[in-house]
Amino acid sequence: MSGQKKGVVVMMYQFTDDCMTGILEIDEEHRQLFDIINEAFELAEKESASVSGAKSLLRALKKYAEIHFDHEEEYMEKMNDPELPRQRKEHQAFREKLEEISPDSLDEEDGKRILKEMLEYLSRWLYHHILGSDIMIGQIHPVAESKDPFAFTEQYRTGIRLVDEEHETLFRIIREANDLIREELLHDKYDKIMAILDRLKEYTIHHFHDEEEYMERIGYDGLAAQQRAHQAFVDKLKEVNLDDVDDNQQEYLTELVDFLLSWLVNHILKVDKLIPVK
């Protein structure tokens, strides 16, 4: 989000309510990460400012991100959270991106441009990570807690006919994917699984478009937050690639289905059910 200050356009990334996990320490550390990023953006945008200040903030961001990741992983380990392995991989990807640039190598000529590009990437990553992964910390995992987790029951109905019908279809596609994963003797199993996951991705994009169109039509003030969450989930689906899984594809796919269903369930119960019926 952009803000205006003394005639200079400053990129601002807000820590909004939709980013709240409900875990005080994690939420406060996320807020601090946003504050550091915004401070660095503000300095990098000022023509009169030296790049040294922004470089210092980039170092602070690296240091604080490490502290936060340690705290987050410790919390998840203590809670036996099934999302911990996925979180560790995403945290490592963030570290590797930060390591691509050394603050000491930046000069005044191109330093601000490179810093802004890096900060924009990190900000987008942070939004997507929080809304696509962190939001699931300590949340409902229906695969482990329900006799039939893939059943679209009354508790998931929003009262908006189109939204409910499309949610029911998403549950059905995820069930089909789960059934394929658990079918031991199926020929060309993984090709068929990828095909159904592609269908899930396309239908999810279609559903989110319809849902956002409805929210826009009724003037719902939660639309922007929904759009961020939707994009984070779509990005997760786009990242699915069995070619990147060297071994134990079965375990990877089982965990993936658990994540997809859990994210959908929590999103419906905590976010979609707030959409007014009009």
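Remember, predicted model here, so these are calculated numbers, not experimental data.

1. Some thoughts on the layout of surface pockets
Logical step 1: A volume near 500 Å³ is recorded for the second largest pocket.
Logical step 2: Along its surface, the second largest pocket is lined by 22 residues, and D17, D18, I135, K270 and V271 are the ones closest to its centre.
Logical step 3: Those elements that place two or more of their residues in the lining of the second largest pocket are helix 8 (223-239) and helix 9 (249-270).
Logical step 4: Residues belonging to the lining of the second largest pocket are distributed by class as follows: 10 nonpolar, seven polar and five charged.

2. Some details on the environment of L264
Logical step 1: Along the chain, the position of L264 falls in helix 9.
Logical step 2: When its relative accessible area of 4% is taken as the criterion, L264 is described as buried.
Logical step 3: Apart from residues lying up to four places away in sequence, L264 is in contact with L170, F171 and I174.

3. Notes on the packing of helix 8 against helix 9
Logical step 1: Here helix 8 crosses helix 9 at 170°, and the two axes come no closer than 12 Å. Judged on the interaxial angle alone, helix 9 and helix 8 are roughly antiparallel. Of helix 9, the residues touching helix 8 (which contributes Q226, A229, H230, F233, K236 and L237) are F259, L260, W263 and H267.
Logical step 2: Taken together, the residues of the contact of helix 8 with helix 9 sort by class into six nonpolar, three polar and one charged.

4. Here we look at the environment of Y214
Logical step 1: Position of Y214 relative to the elements: it lies in helix 7 (residues 189-217).
Logical step 2: For the pair Y214 and I275, spaced 61 residues apart in sequence, the C-alpha to C-alpha distance is 9.5 Å.
Logical step 3: Not counting residues within four places of it along the chain, the set of residues in contact with Y214 comprises I160, I275, P276, V277 and K278.

Rules behind the numbers
- Residues numbered from 1 in each chain as written.
- Predicted model: local features only at pLDDT ≥ 70, side-chain atom pairs only at ≥ 80, totals over all residues.
- Heavy atoms only, no water.
- 1 Å grid on protein atoms, 1.4 Å probe; cavity = no way out; pocket = protein on both sides within 12 Å on 5 of 7 lines; lining within 4 Å.
- Points joined across faces, edges and corners; volume = space filled by probe spheres on them.
- Helix = DSSP H or I, 4+ residues; strand = E, 2+ residues; numbered from the N terminus.
- Nonpolar A, V, L, I, M, F, W, Y, C, P; charged D, E, K, R; others polar.
- Buried < 20%, exposed > 50% of the residue type's maximum accessible area, 1.4 Å probe, protein only.
- Contact = heavy atoms within 4.5 Å.
- Axes fitted to C-alpha atoms, helices over the stretch in contact; angles between N-to-C directions.
- Parallel < 35°, antiparallel > 145°, perpendicular 65-115°, else oblique.

Nothing here speaks to function; it is all geometry.
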